[in-house]
Amino acid sequence: QVQLVESGGGLVQAGDSLKLSCALSGGTFSRSAMGWFRQAPGKEREFVAAINRGGGITKYGDPVKGRFTISRDNAKNTMYLQMNSLKPEDTAIYYCAAKGNAITSTIISDSGSYTYWGQGTQVTVSS
């Protein structure tokens, strides 16, 4: 059974940085397209970033472009989200998602296309 576990969330001040991690177990990480989403209170889940199985193709949501960087280490079965210049509007629960057996170029920004989800990690940015 595939499990995704996020870590690295916390409370920071505006302008600070955080790095989130997402570890996958029970599946073949290197064959999975991966993504990050977030959901703030009272809002719909929002696409943050996605990465293809090899790590060479990435895509970002407009609110985080230029500030966030998605990456992965297939040897460690782990995906990362480096978040810089954090803003109060980045406050949300951050979820990682995976779609297994993806073709090499697959990159997914639609939450409905992912198969597996983590439980989420809270990121709070104070002003």
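Just above, that's the structure.
Engineer: Looking at this structure, how should I read the nonpolar core?
Structural biologist: The tendency in soluble globular proteins is for nonpolar side chains to be buried as a group. Counting residues in each nonpolar core, the largest one holds 28 residues, and the members touching the most others are Met34, Trp36, Met79, Leu81, Met83 and Tyr94. Broken down by secondary-structure element, the contributors of at least two residues to this core are strand E3 (18-25), strand E4 (33-39), strand E5 (46-51), strand E7 (68-73), strand E8 (78-83), strand E9 (92-99) and strand E11 (121-126). If we skip the residues at most four places from it in the chain, Met34 touches Leu4, Cys22, Leu24, Phe29, Ala50, Ile51, Arg72, Met79, Ala97, Ala98 and Tyr114. The next biggest cluster of nonpolar side chains, apart from the first, holds 8 residues, and it includes Ala33, Ala102, Ile108 and Tyr114.

Engineer: Could you clarify how one ought to interpret the pattern of salt bridges in this entry?
Structural biologist: One side chain can pair with another of opposite charge once the charged atoms of both are near each other. By the definition in use, this model includes 4 salt bridges. Between Asp90 and Arg38 there is a salt bridge whose closest N-O contact spans 2.9 Å. On the criterion of sequence distance, the pair formed by Asp90 in the loop between E8 and E9 and Arg38 in strand E4 is long-range, its members being 52 residues apart. Each of the two residues, Asp90 as well as Arg38, counts as buried. Three or more residues are tied together by salt bridges with common partners; here these are Arg38, Glu46, Arg67 and Asp90.

Engineer: Got a minute to help me understand the packing of aromatic side chains in this structure?
Structural biologist: Counting across every chain of the model gives 4 aromatic pairs. Relative to Tyr114, the ring of Phe37 lies with its centre 5.6 Å away and its plane at 80 degrees, an arrangement referred to as edge-to-face. Highlighted residues: Phe37 in strand E4 and Tyr114 in the loop between E9 and strand E10 (116-117), separated in sequence by 77 residues. No difference in accessibility class separates Phe37 from Tyr114, as the two residues are buried. When the centroid spacing of 5.2 Å and the interplanar angle of 55 degrees are considered together, the rings of Phe37 and Trp117 count as tilted. Residue Phe37 is located in strand E4, and its partner Trp117 is located in strand E10; the two are separated by 80 residues in the primary sequence. Joined through ring pairs, the aromatic side chains of Phe37, Phe47, Tyr114 and Trp117 make up one cluster. In this structure, Lys19 is placed above the aromatic ring of Tyr80, and the distance from its NZ or CZ to the ring centre is 4.6 Å.

Rules used in this analysis
Residues numbered from 1 in each chain as written. Predicted model: local features only at pLDDT ≥ 70, side-chain atom pairs only at ≥ 80, totals over all residues. Heavy atoms only, no water. Core = buried A, V, L, I, M, F, W, Y, C linked by side-chain atoms within 4.5 Å. Buried < 20%, exposed > 50% of the residue type's maximum accessible area, 1.4 Å probe, protein only. Helix = DSSP H or I, 4+ residues; strand = E, 2+ residues; numbered from the N terminus. Contact = heavy atoms within 4.5 Å. Salt bridge = Lys/Arg side-chain N within 4 Å of Asp/Glu carboxyl O. Phe/Tyr/Trp six-rings, centres within 6.5 Å; stacked < 30°, edge-to-face > 60°. Lys NZ or Arg CZ within 6 Å of the ring centre and 35° of its normal.

In short, the description is geometric, and any link to function would need to be established separately.
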